[in-house]
Amino acid sequence: VMRFDELDAQGVYDAVLSNASLHHVARSNLTDVLRRIFDSLKPGGLHFANFKSGEAEGRDDKARFYSYPTLEELLAMYQ
C-alpha cells in the first residue's frame, strides 16, 4: 500500500480515485498531496475525491485521524 504523500509518478494515470481517503490527510499536507495526484495524471486525466466538511482536525474515538476542511479551504487548495 502506498500513501498519497509517497506518490512520485509523472503523467502515468488516467484517473486517481480518492474515495473516503483524503480526509485522513492533515490540512498542512493536503496541498502537497493534491499536487502529487495531479502530477501523476496523464493530460486530461481525472481526479475524484470526496471530503467531510467542517473545521475539525484530529482523532476520533477509534484513534483514526480526520481532517474536515471547509469548502473555501478546499477550493484554494485545488486552485
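See above for the structure.
Presented here is an overview of the structure given in this document. (Residues numbered from 1 in each chain as written. Predicted model: local features only at pLDDT ≥ 70, side-chain atom pairs only at ≥ 80, totals over all residues. Heavy atoms only, no water.)

## A few points about the pairing of strand S2 (residues 41–49)
Here strand S1 (residues 13–18) runs beside S2; their pairing, made up of five bridges, is parallel. Directly across from Tyr 13, in S2, lies its bridge partner Leu 41. After leaving S1, the chain enters helix H1 (residues 27–40) and then returns to the sheet as S2, a path that is right-handed. (Pairing = 2+ DSSP bridges. Helix = DSSP H or I, 4+ residues; strand = E, 2+ residues; numbered from the N terminus. Right-handed = clockwise from strand over helix to strand, strands pointing away.)

## Some points on the packing of aromatic side chains
With the rule as written, the count across this model stands at three aromatic pairs. Note on Phe 38 and Tyr 78: the rings are 6.0 Å apart at their centroids and 85 degrees apart in plane angle, and the pair reads as edge-to-face. Residue Phe 38 is found in helix H1, and its partner Tyr 78 is found in helix H2 (residues 71–78); the two are separated by 40 residues along the sequence. Look at Tyr 78 and you get partly exposed, because its relative accessible area is 32%. An angle of 85 degrees between the planes, with centres 6.5 Å apart, marks the rings of Phe 51 and Tyr 78 as edge-to-face. Placement of the pair is Phe 51 in the loop between S2 and strand S3 (57–59) and Tyr 78 in helix H2, with a sequence separation of 27 residues. Note on Phe 51: relative accessible area 22%, which makes it partly exposed. Ring-pair connections join several aromatic residues into one group, and the members of that group are Phe 38, Phe 51 and Tyr 78. (Phe/Tyr/Trp six-rings, centres within 6.5 Å; stacked < 30°, edge-to-face > 60°. Buried < 20%, exposed > 50% of the residue type's maximum accessible area, 1.4 Å probe, protein only.)

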